[in-house]
Amino acid sequence: DLREISDTRLLPIPFGYYHVMNLMLCVNIILWGYGMALESRVLAHLIYLLCVLIFMGMRELAAQLADPFGDDLVDFPVRYWILQCWEECVIVLEHELDGDVHARQL
């Protein structure tokens with residue numbers, strides 16, 4: 001579908017780069033798993049589990065923050081900020097000071 005191709009082309013992170021980073025993460029996790037499996041301490045398995053959780057969480061967070069201006073729940077409320085800024089600017093521009101007698105006479 002041409003729409004999907006267009007959407008893929010507009011991604012903030014290039015498609016190939018995303019998959020290379022995922023491949024690197026998987027290889028890293030596999031190598032850590034092999035290295036930690038050779039350890040005889042139970043603490044090594046716990047450390048491996050925590051490292052995997054941290055790195056997978058960082059990958060998910062990066063994927064969510066790749067486009068912070070969308071319509072997802074974790075995105076910035078840009079429309080609300082612009083509306084709020086507009087209202088504040090209108091208030092400032094329409095405000096008249098009491099000592100502004102000379103401006104009214106002109």
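Data block above holds the structure.
Residues numbered from 1 in each chain as written. Predicted model: local features only at pLDDT ≥ 70, side-chain atom pairs only at ≥ 80, totals over all residues. Heavy atoms only, no water.

Peer 1: Now, about the overall build of the protein: what can you tell me, with residues and values included?
Peer 2: From N to C terminus, the protein includes 5 helices and 0 strands. Each helix and strand of the protein, ordered N terminal to C terminal, gives the series α-α-α-α-α. Buried residues in the protein amount to 7% of all 106 residues. Considering only contacts within the protein whose residues lie at least 6 apart along the sequence, 26% involve residues at least 24 apart. For the protein, the computed accessible surface area is about 9,700 Å², with 69% contributed by carbon and sulfur atoms. (Helix = DSSP H or I, 4+ residues; strand = E, 2+ residues; numbered from the N terminus. Buried < 20%, exposed > 50% of the residue type's maximum accessible area, 1.4 Å probe, protein only. Contact = heavy atoms within 4.5 Å. Areas by Shrake-Rupley, 256 points an atom, 1.4 Å probe, with all protein chains shown as cover.)

Peer 1: So what about helix α2 (residues 15-37)? Which residues, and what values?
Peer 2: Compared with an ideal rise of 1.5 Å per residue, which puts 23 residues at 33 Å, α2 spans 33 Å between its outermost C-alpha atoms and is within 8% of the ideal. Within the span of α2, buried status applies to Asn-22, Leu-25, Ile-29 and Gly-33. On its buried face, α2 sits against α3 (42-65). (Expected span 1.5 Å × (residues − 1).)

Peer 1: Go over the environment of His-45 with me, naming the residues and quoting the values.
Peer 2: Residue position: His-45 is located in helix α3. Looking at His-45, the relative accessible area reads 41%, which means it is partly exposed. Ignoring anything within four residues of it in the chain, the contact list for His-45 reads Met-36, Ala-37 and Glu-39.

Peer 1: Can you tell me about the packing of α2 against α3, naming the residues and giving the values?
Peer 2: When two helices pack together, their arrangement is given by the angle between their axes and by how far apart the axes lie. Interhelical geometry of α2 versus α3 gives an angle of 175 degrees and a closest axis separation of 9 Å. Classed by the angle they form, the pair α2 and α3 counts as roughly antiparallel. Taken together, the residues of α3 that come into contact with α2 (itself represented by Tyr-18, Asn-22, Leu-25, Ile-29, Trp-32, Gly-33, Met-36 and Ala-37) are Ala-44, His-45, Ile-47, Tyr-48, Cys-51, Val-52, Phe-55, Met-56 and Arg-59. Of the residues assigned to the contact of α2 with α3, the class counts are 13 nonpolar, 3 polar and 1 charged. (Axes fitted to C-alpha atoms, helices over the stretch in contact; angles between N-to-C directions. Parallel < 35°, antiparallel > 145°, perpendicular 65-115°, else oblique. Nonpolar A, V, L, I, M, F, W, Y, C, P; charged D, E, K, R; others polar.)

Peer 1: A description of the pattern of salt bridges should follow, citing residues and the corresponding values.
Peer 2: Between side chains of opposite charge, a pair can form when the charged atoms approach closely. According to the stated counting rule, one finds 1 salt bridge in the structure shown. Salt-bridge contacts for Glu-60 lead to Arg-59; the nearest nitrogen and oxygen are separated by 3.2 Å. Look at Glu-60 and you get partly exposed, because its relative accessible area is 41%. Residue classification places Arg-59 among the partly exposed positions, given a relative accessible area of 24%. (Salt bridge = Lys/Arg side-chain N within 4 Å of Asp/Glu carboxyl O.)

Peer 1: Could you give an account of the state of the cysteines, with specific residues and numbers?
Peer 2: By the definition in use, this model includes 0 disulfides. Counting only cysteine sulfurs, Cys-89 is the nearest neighbor of Cys-85, a cysteine outside any disulfide, at a range of 4.1 Å. (Disulfide = S-S within 2.5 Å.)

Peer 1: Lay out a nonpolar patch on the surface in plain terms, naming residues and giving numbers.
Peer 2: Together, Leu-43, Leu-46, Ile-47, Leu-49, Leu-50, Leu-53, Ile-54, Phe-55 and Met-58 make up an exposed nonpolar region whose accessible area comes to about 840 Å². Structurally, the position occupied by Ile-54 is in helix α3. (Patch = residues over 30% accessible without salt bridge, like charges linked within 9 Å, V, L, I, M, F, W, Y side chains within 5 Å.)

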